[in-house]
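The chain contents come next:
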Amino acid sequence: MVQEGFTFPTHIPLEQLLAPCKKTRGKKGRITRPQNAFILYRKDLQDKIKNENPQADFKEISKIAGNRWKNEADQVKNNYTLLATLGGLVHQDLFPNYKYQPRQ
């Protein structure tokens, strides 16, 4: 991502990173929530972590990503927060009538 002297390298293309999740839980056609900063961070690093730890399953990859996220610099966290905000805007354009309704 480049914007007037601002560079933020990602491991996967931004279009793929900001794309909403295609998997649905429960009902078919259910719209998933927009991705938060940590989810984008985890999604971006998943392949890198998998290459470093070939036997790691989804749960272990999440634990490793969580530990890295805790130790990540504020600048990197802010970059993913910015991407999450942009992803939320993309989600809003794709699903204008979406309203988060948590289950009771």
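For the structure itself, look to the data block above.
Residues numbered from 1 in each chain as written. Predicted model: local features only at pLDDT ≥ 70, side-chain atom pairs only at ≥ 80, totals over all residues. Heavy atoms only, no water.

Caption draft 1: A look at the pattern of salt bridges. One pass over the structure, following the stated rule, counts one salt bridge. Close ionic contact of Arg-68 with Glu-52 constitutes a salt bridge, the shortest N to O distance being 2.3 Å. Placement of Arg-68 in helix 3 (residues 58-71) and of Glu-52 in helix 2 (residues 37-52) is noted, with a sequence separation of 16 residues between them. Look at Glu-52 and you get partly exposed, because its relative accessible area is 41%. (Salt bridge = Lys/Arg side-chain N within 4 Å of Asp/Glu carboxyl O. Helix = DSSP H or I, 4+ residues; strand = E, 2+ residues; numbered from the N terminus. Buried < 20%, exposed > 50% of the residue type's maximum accessible area, 1.4 Å probe, protein only.)

Caption draft 2: Structural context of the packing of aromatic side chains. Going through the model one piece at a time under the given rule, you end up with four aromatic pairs. Above the ring of Tyr-100, the side-chain terminus of Arg-33 is found at 4.0 Å from the ring centroid. In this arrangement the basic side chain of Arg-42 is found over the ring face of Phe-58, its NZ or CZ atom lying 4.1 Å from the centre. (Phe/Tyr/Trp six-rings, centres within 6.5 Å; stacked < 30°, edge-to-face > 60°. Lys NZ or Arg CZ within 6 Å of the ring centre and 35° of its normal.)

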